[in-house]
Amino acid sequence: MTVSDRPQWAALPRGLIVLLTIAASVISIAGLQAFASVLGPVLLALVLTIAVHPVFTGLRRRGVPSWLAMTVMLLVVFAIVLGIAVSLAFSMGQLATLLPSYQPRFVMLVNEATAALAEAGIGRDQVRAALSGLDFGAIAGVLTNLLLGLAGALSNLVFILSLLLFMGLDAAGFPDRVHAIGTNRPAIVTALESFTRGTRSYLVVTTVFGGIVAVLDGVAVWILGVPLALLWALVAFVTSYIPNVGFIIGLVPPALLALLEGGPRLALLVTAVYVVINFVIQSIIQPKYIGDAVDLSLTLTFLSLVFWAWVLGPVGAILAIPLTLLVKALLVDVDPNSAWIATLLTSSRPAPTPQDG
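Residues numbered from 1 in each chain as written. Predicted model: local features only at pLDDT ≥ 70, side-chain atom pairs only at ≥ 80, totals over all residues. Heavy atoms only, no water.

Next up on the list: unusual backbone geometry. With phi around 60°, Leu 228 is a residue other than glycine that occupies positive phi space. Mapped onto the fold, Leu 228 is located in the loop between helix H9 (186-224) and helix H10 (229-239). For Leu 228, a relative accessible area of 17% translates into the label buried. (Helix = DSSP H or I, 4+ residues; strand = E, 2+ residues; numbered from the N terminus. Buried < 20%, exposed > 50% of the residue type's maximum accessible area, 1.4 Å probe, protein only.)

This part takes up the packing of helix H2 (residues 36-61) against helix H3 (residues 66-98). Their axes nearest at 9 Å, the elements H2 and H3 cross at an angle of 145°. Between H2 and H3 lies a crossing of right-handed hand. For the pair formed by H2 and H3, the contact residues are Leu 48, Val 52, His 53, Val 55, Phe 56, Leu 59 and Arg 60 on the first element and Ser 66, Ala 69, Met 70, Val 72, Met 73, Val 76, Val 77, Ile 80 and Val 81 on the second. (Axes fitted to C-alpha atoms, helices over the stretch in contact; angles between N-to-C directions. Left-handed = near helix turned anticlockwise from the far one by under 90°. Contact = heavy atoms within 4.5 Å.)

What follows covers the environment of Val 81. Here Val 81 shows up in helix H3. The spatial distance from the C-alpha of Val 81 to the C-alpha of Leu 48 is 9.0 Å, given a sequence separation of 33 residues.

Attention shifts here to a nonpolar patch on the surface. On the surface, Leu 16, Val 18, Leu 19, Leu 20, Ile 22 and Val 26 cluster together into a nonpolar patch covering about 540 Å² of accessible area. Of note, Leu 20 is situated in helix H1 (residues 14-34). (Patch = residues over 30% accessible without salt bridge, like charges linked within 9 Å, V, L, I, M, F, W, Y side chains within 5 Å. Areas by Shrake-Rupley, 256 points an atom, 1.4 Å probe, with all protein chains shown as cover. Salt bridge = Lys/Arg side-chain N within 4 Å of Asp/Glu carboxyl O.)

Further remarks concern the confidence of the model for the chain. The predicted coordinates ought not to be read in detail in places where the model reports low pLDDT. Here the chain shows a mean pLDDT of 80. Residues at 70 or above account for 84%. Averaged pLDDT values over the elements of the chain bottom out at 62 in helix H5 (residues 124-130) and peak at 89 in H10. (pLDDT = per-residue confidence, 0-100.)

This structure, assessed with the given rule, holds one cavity of 30 Å³ or more. In this structure, the largest cavity occupies an estimated 70 Å³ of space. Here the lining of the largest cavity is built from residues that sort into four nonpolar, five polar and one charged. (1 Å grid on protein atoms, 1.4 Å probe; cavity = no way out; pocket = protein on both sides within 12 Å on 5 of 7 lines; lining within 4 Å. Points joined across faces, edges and corners; volume = space filled by probe spheres on them. Nonpolar A, V, L, I, M, F, W, Y, C, P; charged D, E, K, R; others polar.)

Below is the structure:
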């Protein structure tokens with residue numbers, strides 16, 4: 001390629017190109033945030049369709065008619081979404097009914113804390129100042145707001161189910177369209193296939209380990225006598241899809257209810273059980289499989305959580321890893337010249353060069 005054949009933008013100063021790229025990114029992010037209420041359900045439906053599409057392909061390989069395979073796939077994904085939504089709604093109704101009965105217990109805990117602080121030599125005015133912002137409404141608000149945040153990912157249920165229907169119908173012919181693109185743009189096909197493989201692997205690993213953690217947490221809080229054990233198991237399962245901080249989000253509600261039910265000792269027991277289960281399964285065992293599935297650095301994983309939660313809200317936190325894989329596929333993997341960027345984003349060590357021996 002001669003100098004005259006180079007694109008006009010290549011003649012611009014590199015600093016100007018960087019500034020234009022940053023400006024375009026800011027505008028794009030602002031647009032994403034402005035349409036978060038629509039974009040969030042669309043991306044959730046996309047990820048769910050990708051997750052259950054192997055059901056369709058597996059049935060087709062076994063000779064099942066296309067219409068029947070499509071129907072089964074849609075029924076599976078509808079059952080997943082409706083099951084989680086109905087379970088959350090029913091459990092939150094139970095919690096709303098149960099919470100008012102704990103107000104006398106809360107007053108007793110505050111009085112005990114006031115007496116303990118006074119015995120420790122802290123003045124009455126200082127105690128009053130320390131506990132002035134603590135009331136039962138605040139505790140109940142933390143519990144309900146956390147659960148409402150999780151339920152917010154499925155708030156527009158009719159829209160999500162409609163999207164799943166249309167995306168599921170389109171998914172039947174999508175592999176053929178991708179194959180047609182591959183003759184002229186093989187890099188795009190490779191990037192999209194990498195995204196779908198990574199997303200499915202991530203969802204499978206997270207679902208399996210999230211299910212194990214949910215069962216163990218639910219059994220533990222049931223044995224310890226914390227009410228609504230099934231709700232806390234469901235919360236633990238949903239928050240397992242939130243990288244890095246999902247465990248903390250899943251711990252706060254049952255720990256607070258344990259505090260109201262049995263005092264500080266029960267709350268500490270629940271916290272200790274959750275920490276042990278999380279440390280063994282989600283901090284030692286699961287990261288190995290997650291790393292093999294998505295191969296993203298720990299820093300990028302955490303920043304993706306912060307970014308997508310800020311842009312899209314609760315659904316962004318749940319879909320942080322799949323959305324990061326999608327952006328990586330569309331902006332990095334499609335361009336062979338950007339392979340060096342992909343190397344910086346991964347958690348695995350690069351293969352040694354011949355010079356390294």
